[in-house]
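In case you want the letters, here they are:
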Amino acid sequence: MKIASVIELADRVRRGEISAVAVAEDTLARIDRDNGQLNAFLTVARTELLEQARAIDDKRARGQALGPLAGVPIALKDALCTRGIRTTCASKMLGEYVPPYDATVVSRLRAADALLPGKTNMDEFAMGSSNENSAFGPARNPHDRERTPGGSSGGSAVAVASGMTPASLGSDTGGSIRQPAAFTGAVGVKPTYGRVSRFGLVAFASSLDQIGPFASDVRGAARVLSVIAGADGRDATCLPAPCDDYEGACGKAVRGLRVGVPEEYFTGGLDPEVEASVRAAIARLESDGVAIKKVHLAHTRHAVATYYVIATAEASSNLARFDGVRYGLRVTGAEEHGKHAQGGALRAMYGATRDTGFGDEVKRRILLGTFVLSAGYYDAYYLKAQKVRTLIRRDFDRAFGEVDAIVCPTSPTPAFKLGEKTSDPLAMYLSDVYTLPASLAGLPAMSVPCAPTTAGLPVGLQVIAPVLKETTMFALAAAWEAARAS
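These remarks concern the structure in this document. (Residues numbered from 1 in each chain as written. Predicted model: local features only at pLDDT ≥ 70, side-chain atom pairs only at ≥ 80, totals over all residues. Heavy atoms only, no water.)

### Considerations on the environment of Arg 54
We count it as follows: Think of it this way: any DSSP run of H or I at least four residues long counts as a helix, any run of E at least two long counts as a strand, and we number them from the N terminus. Burial classification: accessible surface area is computed with a 1.4 Å probe over protein chains only, and a residue below 20% of its type maximum counts as buried, one above 50% as exposed, and the rest as partly exposed.
Among the structural elements, Arg 54 can be located in helix α3 (residues 46–61). On the basis of relative accessibility, which here comes to 43%, the residue Arg 54 falls in the partly exposed class.

### As for the pairing of strand β6 (residues 210–215)
What counts is decided by this rule: Here the rule is simple: two strands pair whenever DSSP picks up at least two bridges between them.
With six of six residues buried, β6 is to be regarded as a mostly interior element. In the sheet, strand β4 (residues 167–172) pairs with β6 via six bridges, with the strands oriented antiparallel. In the strand pairing of β6, Ala 167 is matched with Ala 215. Where strand β5 (residues 187–190) lies against β6, two bridges are found, and the strand directions are antiparallel. Opposite Gly 188, over in β6, you have Phe 214 as the bridge partner.

### Details of the pattern of salt bridges
As a reminder of what qualifies: Basic side-chain nitrogens of Lys or Arg form a salt bridge, by our definition, when they fall within 4 Å of a carboxyl oxygen of Asp or Glu.
Summed over the entire model, instances satisfying the criterion amount to 28 salt bridges. Across the pair Asp 26 and Arg 30 runs a salt bridge, and its minimum N-O distance is 2.7 Å. Of this pair, Asp 26 and Arg 30 both sit in helix α2 (residues 20–38), four residues apart, roughly one helical turn. The class for Asp 26 is buried, based on a relative accessible area of 17%. One salt-bridge network, in which partners are shared between bridges, spans Arg 12, Arg 15 and Glu 17.

### Notes on the nonpolar core
Selection rule: Buried Ala, Val, Leu, Ile, Met, Phe, Trp, Tyr and Cys residues form a nonpolar core when they are joined through side-chain atoms within 4.5 Å. What makes two residues a contact is simply this: any of their non-hydrogen atoms within 4.5 Å.
If you look at the biggest cluster of nonpolar residues, it comprises 131 residues, and the most contacted ones within it are Leu 69, Ile 74, Leu 109, Phe 125, Leu 169, Phe 396 and Phe 474. Top contributing element to this core by residue count: helix α10 (residues 303–318), with nine residues. Excluding residues that lie within four positions of it along the chain, Leu 109 makes contacts with Leu 69, Ile 74, Leu 76, Ala 114, Leu 116, Leu 169, Val 227 and Ile 228. With nine residues, the next largest nonpolar core counts Ile 31, Phe 41, Val 158 and Met 164 among its residues.

### Here we look at unusual backbone geometry
Here the residue pair Gly 151 and Ser 152 is connected by a cis peptide bond, since its omega of 5 degrees sits within 30 degrees of zero. You will see that Asn 39, though not glycine, has its phi angle at about 55 degrees, which is positive. Of note, Asn 39 is situated in the loop between α2 and β1 (41–44). Look at Cys 89: it is not a glycine, yet its phi comes out positive at around 55 degrees. Tracing the sequence through the fold places Cys 89 in the loop between β2 (74–77) and α4 (104–111).

### Some remarks on the sheet that holds strand β3 (residues 118–120)
Sheets are built from strands paired through backbone hydrogen bonds, the pairs being either parallel or antiparallel. Going by this rule: With axes taken as lines fitted to C-alpha atoms, and helix axes fitted only over the stretch in contact, angles between N-to-C directions fall between 0 and 180 degrees.
Here we have eleven strands laid out as an open sheet, ordered β1-β3-β2-β4-β6-β5-β10-β11-β9-β7-β8, and mixed in their pairing. Strands with a single pairing partner mark the edges of an open sheet, and in this sheet they are β1 and β8 (291–295). Geometrically, the sheet is characterised by an average inter-axis angle of 25 degrees between neighbouring strands, direction not taken into account. Across five bridges, strand β7 (residues 258–262) lies against β8 in parallel orientation. Within β8, the residue paired with Arg 258 across the bridge is Ala 291.

### Considering a nonpolar patch on the surface
Which entries qualify depends on this criterion: The patch calculation keeps residues exceeding 30% relative accessible area without a salt bridge and links them within 9 Å when they carry like charges or within 5 Å when they are nonpolar (Val, Leu, Ile, Met, Phe, Trp, Tyr). The method behind every accessible area is Shrake-Rupley, applied with a 1.4 Å probe, and residues are considered shielded solely by the protein chains displayed.
A contiguous nonpolar surface patch, about 250 Å² in accessible area, is contributed by Val 325, Leu 346 and Tyr 350. With respect to the helices, strands and loops of the structure, Val 325 is situated in the loop between α10 and α11 (334–337).

### Points about the pairing of β4
In terms of burial, β4 is a largely internal element, six of the six residues being buried. On β4, burial covers both faces: Ala 167, Leu 169 and Ser 171 on one face and Ser 168, Gly 170 and Asp 172 on the other are all buried. Bridging between β2 and β4 involves three bridges; their strand directions are parallel. Each bridged residue has a counterpart across the sheet, and for Leu 76 the counterpart in β4 is Leu 169.

### A short note on the packing of aromatic side chains
This is how it is decided: Two rings from Phe, Tyr or Trp (for Trp, the six-membered ring) form a pair when their centres are within 6.5 Å of each other. A pair whose planes differ by under 30 degrees is stacked, one over 60 is edge-to-face, and the rest are tilted. Charge over a ring is defined by NZ of Lys or CZ of Arg lying within 6 Å of the ring centre and within 35 degrees of the ring normal.
The tally for this structure, following the rule as stated, stands at 15 aromatic pairs. On the numbers, 5.7 Å between centres and 90 degrees between planes, the contact of Phe 183 with Phe 416 is edge-to-face. Here Phe 183, found in helix α6 (residues 178–184), pairs with Phe 416, found in the loop between β9 (405–409) and α15 (425–429); they are 233 residues apart in sequence, far enough to count as distant. Neither residue differs from the other here; Phe 183 and Phe 416 are each classed as buried. The rings of Tyr 97, Phe 125, Phe 322, Tyr 327 and Phe 358 are connected pair by pair, giving a single aromatic cluster. One cation-aromatic arrangement involves Lys 421 over Phe 416; the distance from NZ or CZ to the ring centre is 4.4 Å.

### Details of the side chain of Thr 472
Structurally, Thr 472 is set in helix α17 (residues 470–485). We classify Thr 472 as buried; its relative accessible area is 17%. Setting aside chain neighbours within four positions, we find Thr 472 in contact with Leu 257, Asp 404 and Ala 405.

Without other data, these values stay purely geometric and don't point to any function.
Right, dumping it as structure tokens:
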């Protein structure tokens, strides 16, 4: 069976041209064929998937209307809680954890008659830009298996880019959907902060985390977002504003739309082929009637430092719950190892559990976050970072006073080789330099493929819109997608 887009597959299942069981069996066959080499899935929910498919077929046989994602396989990042299915966050700390409930987005996918084949690989607790921080080994880029698919939602990107599933869900804290989408040639969407409920997402940095879709095309991503978005009383940060027609925005005319190009995103460190590809996309949009205007985002240069103060501080707080007491890993015998430690056996158990359960990058971020929140340093680091975050948001506010959207590269380079940056955390952090500002400002942003490099590696065009203006973002992305295909 040829892999179909989200829209095509849902339409065919609803019309009865193909059964949901046939789709589920084909999905399992694709995973069996490719996952051993790509390591996209950490858990495959075979039994549950076939049960879901049979229930959808039975529903159609009874003459009941099927949901907007009928029979569409959607992979789930392993930071999203799934009732009765292992949720690890790619960490030893949660290696055998099985949640008793579904995340809100998972419940909404089920209600829309989607198929949920399993949980995808990621950087541990979503902390990373290459998927190399997973306790279960890295996912691999289907365009070159020696290269990273990006992170932290690398497995979700690979599931779509390799054709195992037409869509997936990831989470984006500083670029963890957009950067993997760019590296693998998928479409990846980070909605406005608060547009999608975070209930059931294992938290990394609560003021930044957002759940969003990957898909093989823009319209498919729009349909998935339309299902998972919307108010949720179980998440106090979830916005009550009604959702717009994201799918309807795709195909909307963009002639006359004012689009900003930030000069700060085209400076040193940008790969020449990435720049050429992105500028060619901008030129094509201009030739199709989009008004291109230079804009300035002056505080962009401070985004990396600002993000890694705020995100690590929030991670330090959020990850304190993993202590070996309530759930997750507990290192047995820790009391004996720490018999003479200050604080006694309990403190020793805490230390041994966290030392064993967390990987190096997670430990690094907990230490950084604890430091910037500590007495004597809070004002100098955390408070100052929050002030700079406000300046970054104001840069965007000023720009959006002049333009309707902003376009720029998603990542400064194509996918880099596995192991290339693991010994240099700063170089790894800089791979998110173009995605971090929109995250800090809480803006909707997405990556859509543009022309690949001469080596055939994907390149992403990033589209950023004002708060809750996802329709503008989808219209522009779909216009570029159509122009590229023509």
